[in-house]
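# Observations on chain architecture
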Amino acid sequence: MATQLVRDCVAITRVELLNESVGSFKKQGWDGKPWAKRKNDKDAGRGILIGKGSGQLWRSLRTDSRGLDIRAFSDKPYAQAHNKGFVGQVVQNVPEHQRHNIKSMRVSQTSLKSRKTYTIKKKVVGSISTVRAHQRKQNIKLPKRQFLGYTVNLGNRMKTQMEARFNELFNNV
């Protein structure tokens, strides 16, 4: 019975830890505190860290246990930077690509209703140039937007469920 209780407690902990982490994305905050807002946010309805429908970060959350050692993690390389915050320089690899140089031209048009001629500015592709692959260095400051870890609320929920499982196992003896 003791080994069954330990297995059940590990399973409860894994489920609750994952639920707390995924719930932080839905609540847009951690432990009752909202995440830092974006600078110059042009799309206020877009969730922080969720992206416009990609959700790769929160869908990559997993739990693992070895004995009584339980951990929650993500395989995304940027997960730790978002969870703990990051200030530093990042090197980005820019692949080779085509650049379309846009020119403005004045074009005269005649209105069908009034039969008047007027000129408008129209943007057209002037030339196409190839940009070679290169590296770009950028200074980045990501605020801490924690989504993995332990909270008091998480501990209380785990305690309640473990006590219920304990009573269920030992009341049936």
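Relevant structure appears above.
Keep in mind it's a predicted model, so treat the numbers as computed, not measured. Each chain carries its own residue numbering, running from 1 in the written order of its sequence. For a predicted model such as this one, the threshold for reporting local features is a pLDDT of at least 70, and the threshold for listing and counting side-chain atom pairs is 80 or more; totals across whole chains, interfaces and linings nevertheless cover every residue. Values shown for side chains rest on all heavy atoms present in the structure; no hydrogens or waters enter the calculation.

## Description of the overall build of the chain
Formally: A run of DSSP states H or I qualifies as a helix once it reaches four residues; a run of E qualifies as a strand once it reaches two. Both are numbered from the N-terminal end. Put simply, the radius of gyration uses C-alpha atoms, and a globule should come to 2.2 Å times the residue count raised to 0.38. Note on classification: 1.4 Å probe, protein chains only; a residue is buried when its accessible area is under 20% of the maximum for its type, exposed when over 50%, partly exposed between these limits. Only heavy atoms matter for contacts: two residues are in contact if any of them lie within 4.5 Å across the pair. Only the protein chains shown count as cover for residues, and all accessible areas are computed by the Shrake-Rupley method using a 1.4 Å probe. The charge count includes Lys and Arg as positive and Asp and Glu as negative, but it does not include His or the ends of the chains. Charge positions are represented by NZ for Lys, CZ for Arg, CG for Asp and CD for Glu.
Check the secondary structure of the chain and you find four helices and eight strands. Secondary structure elements in the chain, listed N-terminal to C-terminal, are α-β-β-α-β-β-α-β-β-β-β-α. Its C-alpha radius of gyration of 27 Å places the chain more than 25% over the 16 Å reference for a compact globule of 173 residues. In terms of its C-alpha atoms, the chain occupies a principal-axis envelope of roughly 95 × 45 × 25 Å. Looking at the chain as a whole, 23% of its 173 residues qualify as buried. For the chain, contacts bridging at least 24 residues in sequence account for 66% of all contacts bridging at least 6. Put simply, the chain shows about 13,000 Å² of open surface, and 51% of that area lies on carbon and sulfur atoms. Charged side chains of the chain number 35 positive and 12 negative; the gap between the two group centres comes to 20 Å.

## Topic: helix H1 (residues 2-27)
Rules: Expected helix span is taken as 1.5 Å per residue step, with the number of steps being one fewer than the number of residues.
Across its 26 residues, H1 extends 36 Å between first and last C-alpha, which sits within 8% of the 38 Å expected from 1.5 Å per residue. Among the residues trailing H1, Gln-28 stands out with phi positive, at a value near 60°.

## Some thoughts on the nonpolar core
To keep things clear, this is the line we draw: Among buried residues, the Ala, Val, Leu, Ile, Met, Phe, Trp, Tyr and Cys ones that are joined through side-chain atoms within 4.5 Å form a nonpolar core.
Ranked by size, the top nonpolar core spans eleven residues in total: Val-22, Phe-25, Trp-30, Trp-35, Ile-48, Leu-49, Leu-57, Leu-61, Ala-79, Phe-147 and Leu-148. Discounting residues that sit within four places of it in the chain, Leu-61 has contacts with Leu-18, Ser-21, Val-22, Phe-25, Phe-73, Ser-74, Phe-147 and Leu-148.

## So, the packing of aromatic side chains
Which entries qualify depends on this criterion: Aromatic rings from Phe, Tyr and Trp, taking only the six-membered ring of Trp, are treated as a pair when their centres fall within 6.5 Å; an angle between ring planes under 30 degrees marks them as stacked, one over 60 as edge-to-face, and anything in between as tilted. Comment: the charge-over-ring label is applied if NZ (Lys) or CZ (Arg) is within 6 Å of the ring centre and within 35 degrees of the ring normal.
Under the definition given, this model contains three aromatic pairs. Between Phe-25 and Trp-35, the aromatic rings sit 5.6 Å apart at their centres with planes inclined by 80°, giving edge-to-face as the arrangement. Of this pair, Phe-25 sits in helix H1 while Trp-35 sits in the loop between strand E2 (33-34) and helix H2 (56-59), placing them ten residues apart in sequence. Measuring from ring centre to ring centre gives 4.5 Å for Phe-166 and Phe-170, while their planes differ by 45°; the resulting arrangement is tilted. Of this pair, Phe-166 and Phe-170 both sit in helix H4 (residues 152-171), four residues apart, which is roughly one turn of that helix. Ring pairing ties together the aromatic residues Phe-25, Trp-35 and Phe-147, which thus form one cluster. The ring centre of Phe-73 lies 4.4 Å from the NZ or CZ of Arg-71, which sits over that ring.

## So, a nonpolar patch on the surface
Note the following rule: Here the term patch refers to residues with relative accessible area over 30% and no salt bridge, with like charges joined within 9 Å and nonpolar side chains (Val, Leu, Ile, Met, Phe, Trp, Tyr) within 5 Å. Any Lys or Arg side-chain nitrogen found within 4 Å of a carboxyl oxygen on Asp or Glu counts as a salt bridge.
A grouping of Met-1, Phe-166 and Phe-170 is seen on the molecular surface, where their side chains present a nonpolar patch of about 290 Å² in accessible area. Accessibility expressed as a relative area gives 40% for Phe-166, which makes it partly exposed.

## Observations concerning the pattern of salt bridges
Under the defined criterion, the tally for this structure stands at five salt bridges. Between Arg-157 and Glu-20 there is a salt bridge, with the nearest N and O atoms lying 2.9 Å from each other. You can see Arg-157 sitting in helix H4 and its partner Glu-20 sitting in helix H1, a full 137 residues away along the chain. Taking the relative accessible area as the measure of exposure, Glu-20 reaches 4% and is therefore buried. Through salt bridges with shared partners, one network takes in Asp-8, Arg-165 and Glu-168.

## Comments concerning the environment of His-100
Assignment of secondary structure puts His-100 in strand E6 (residues 97-110). For the pair His-100 and Val-124, spaced 24 residues apart in sequence, the C-alpha separation works out to 9.5 Å. With near-sequence residues (within four places) excluded, His-100 lies in contact with Val-125, Ser-127 and Ile-128.

## Side note on H4
The test is simple: The arc in question is traced by the directions running from the helix axis to the C-beta atoms.
An ideal rise of 1.5 Å per residue puts 28 Å on 20 residues; H4 measures up with 28 Å between its terminal C-alpha atoms. Of all the positions in H4, only Leu-154, Gly-155, Met-158 and Leu-169 are classed as buried. The arc enclosing the buried residues of H4, seen along the axis, measures out at 90°, which places them on a common side. Exposed residues pointing more than 90 degrees away from the buried face of H4 are listed as Val-152, Lys-159, Thr-160 and Asn-171. Those residues of H4 that are buried lie in contact with H1.

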